[in-house]
Amino acid sequence: IHEDVEYMHIRNLPLAARAMTLPARLIHVMGHGATNTSGQPGFQSDDRHYFFGLDDLSAYLRDAGEGIEADGVFADACGTAQEGFIKALRSCLEGECAYIGSTREIDWRESTTFASILYGSLLSWSGPATVGPQWVKTCGDRAISAYEEAVGGPCPFTATLLRPSTKAELAFRKSERGAGLA
């Protein structure tokens, strides 16, 4: 069973990794898009005391043999649609996944406006074919169009479908979908 939305407020990599492996329609990750001193992309907390590195997450998930199973990941942070973020996230995926990230620096108004529209699209659209990564991407595309109409300008978010990296496919080939690390 997929939950509609998986929400986490976690500052602990093992706990976050466990939560991210549970089946969900959407995982909404909030933070500041950042790169640490070694060049690893990830998310940084508001107080800058915690950095959640995607390479660290990938290594943890590979060791555990379970990857991200969500139909979609919404990376609600600055610059998360950049190549480094996308490449790092692909190494965490068990299967195809819709990915929604920002193309530039964003402020809280842009973030909350877009998130509200995205959730409206996800939660109000029901019926046949309302599951899976393609459905989440379609909701993301609808939210982008609605955002642009609402604010009269370009949307800072983009939606795409991602496939797991070769490394992820090898690491998670024995994983039982639907189980997660819980």
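In the block above lies the structure referred to throughout.
Quick notes on the rules
- Residues numbered from 1 in each chain as written.
- Predicted model: local features only at pLDDT ≥ 70, side-chain atom pairs only at ≥ 80, totals over all residues.
- Heavy atoms only, no water.
- Helix = DSSP H or I, 4+ residues; strand = E, 2+ residues; numbered from the N terminus.
- Expected span 1.5 Å × (residues − 1).
- Buried < 20%, exposed > 50% of the residue type's maximum accessible area, 1.4 Å probe, protein only.
- Arc of directions from axis to C-beta.
- Disulfide = S-S within 2.5 Å.
- Axes fitted to C-alpha atoms, helices over the stretch in contact; angles between N-to-C directions.
- Parallel < 35°, antiparallel > 145°, perpendicular 65-115°, else oblique.
- Left-handed = near helix turned anticlockwise from the far one by under 90°.
- Contact = heavy atoms within 4.5 Å.
- Pairing = 2+ DSSP bridges.
- 1 Å grid on protein atoms, 1.4 Å probe; cavity = no way out; pocket = protein on both sides within 12 Å on 5 of 7 lines; lining within 4 Å.
- Points joined across faces, edges and corners; volume = space filled by probe spheres on them.
- Nonpolar A, V, L, I, M, F, W, Y, C, P; charged D, E, K, R; others polar.

Further remarks concern helix α4 (residues 108–124). Its 17 residues place the ends of α4 24 Å apart at the C-alpha level, agreeing with the 24 Å of an ideal helix rising 1.5 Å per residue. Every buried residue of α4 is listed here: E110, S111, F114, A115, L118, Y119, S121 and L122. Taken around the axis of α4, the buried residues stretch over an arc of 160 degrees, which confines them to a single face. In α4, the exposed positions angled more than 90 degrees off the buried face are occupied by S116, L123 and S124.

What follows concerns the state of the cysteines. Formally, a disulfide is one covalent bond, and it connects the sulfur atom of one cysteine to the sulfur atom of another. Within this structure, the stated rule accounts for 0 disulfides. Summary of cysteine pairing: C97 is not part of a disulfide, and the nearest cysteine sulfur, belonging to C92, is at 10 Å. In this structure C97 comes out as buried when scored by relative accessible area, which is 1%. For the unlinked cysteine C139, the closest cysteine sulfur is that of C97, found at 14 Å. For C139, a relative accessible area of 0% translates into the label buried.

Quick look at the packing of α4 against helix α5 (residues 133–151) now. Packing of α4 against α5 brings their axes to within 8 Å, and their N-to-C directions diverge by 130 degrees. Considering their axes alone, α4 and α5 lie oblique with respect to each other. The two elements α4 and α5 meet at a crossing, and its hand is right-handed. Seen from α4, the contacting residues are E110, T113, F114, I117, L118, S121 and L122; seen from α5, they are W135, V136, C139, G140, R142, A143, I144, A146, Y147 and V151.

Moving on, we come to the sheet that holds strand β3 (residues 32–35). One key point about sheets: their strands pair by backbone hydrogen bonds, in either a parallel or an antiparallel sense. Taking strand neighbours across the sheet as the criterion, the 3 strands line up as β3-β4-β5 in an open arrangement whose pairing is antiparallel. Each having just a single partner strand, β3 and β5 (51–53) make up the two edges of the open sheet. Averaged over all pairs of adjacent strands, the angle between their axes in this sheet comes to 35 degrees, without regard to strand direction. As paired elements, β3 and strand β4 (residues 41–44) share 4 bridges and run antiparallel to each other. From the neighbouring strand, A34 faces β4, where its bridge partner is G42. Sheet strands touched by helix α2 (residues 54–64): β4 and β5. Its angle to β5, the strand with the most contacts, is close to 55 degrees. This element, helix α3 (residues 83–90), spans β3 and β4 of the sheet and lies at about 100 degrees to β4.

A few words on empty space enclosed by the protein. One pass over the structure, following the stated rule, counts 1 cavity of 30 Å³ or more. Looking at the largest cavity, the residues that line it are M20, V29, F43, F52, L54, V73, A75, F85, L89 and Y99. Elements with a contribution of two residues or more to the lining of the largest cavity: β6 (72–76) and α3. Looking at the lining of the largest cavity residue by residue, the class counts come to 10 nonpolar, no polar and no charged.

With 4 of its 5 residues buried, strand β2 (residues 26–30) lies for the most part within the structure. Relative to β6, β2 runs parallel, the two being bridged by 5 bridges. Each bridged residue has a counterpart across the sheet, and for M30 the counterpart in β6 is D76.

A few words now on the packing of helix α1 (residues 13–20) against α2. Where α1 contacts α2, the two axes come as close as 10 Å, and the packing angle between them is 70 degrees. Classified by the interaxial angle, the pair formed by α1 and α2 is roughly perpendicular. In this structure, α1 meets α2 at a crossing whose hand is right-handed. Side by side, α1 and α2 meet where L13, P14, A17 and M20 of the first sit next to D56, L57, Y60 and L61 of the second. Each residue belonging to the contact of α1 with α2 can be placed in one class, and the counts come to 7 nonpolar, no polar and 1 charged.

Keep in mind these numbers describe shape, not what the thing actually does.
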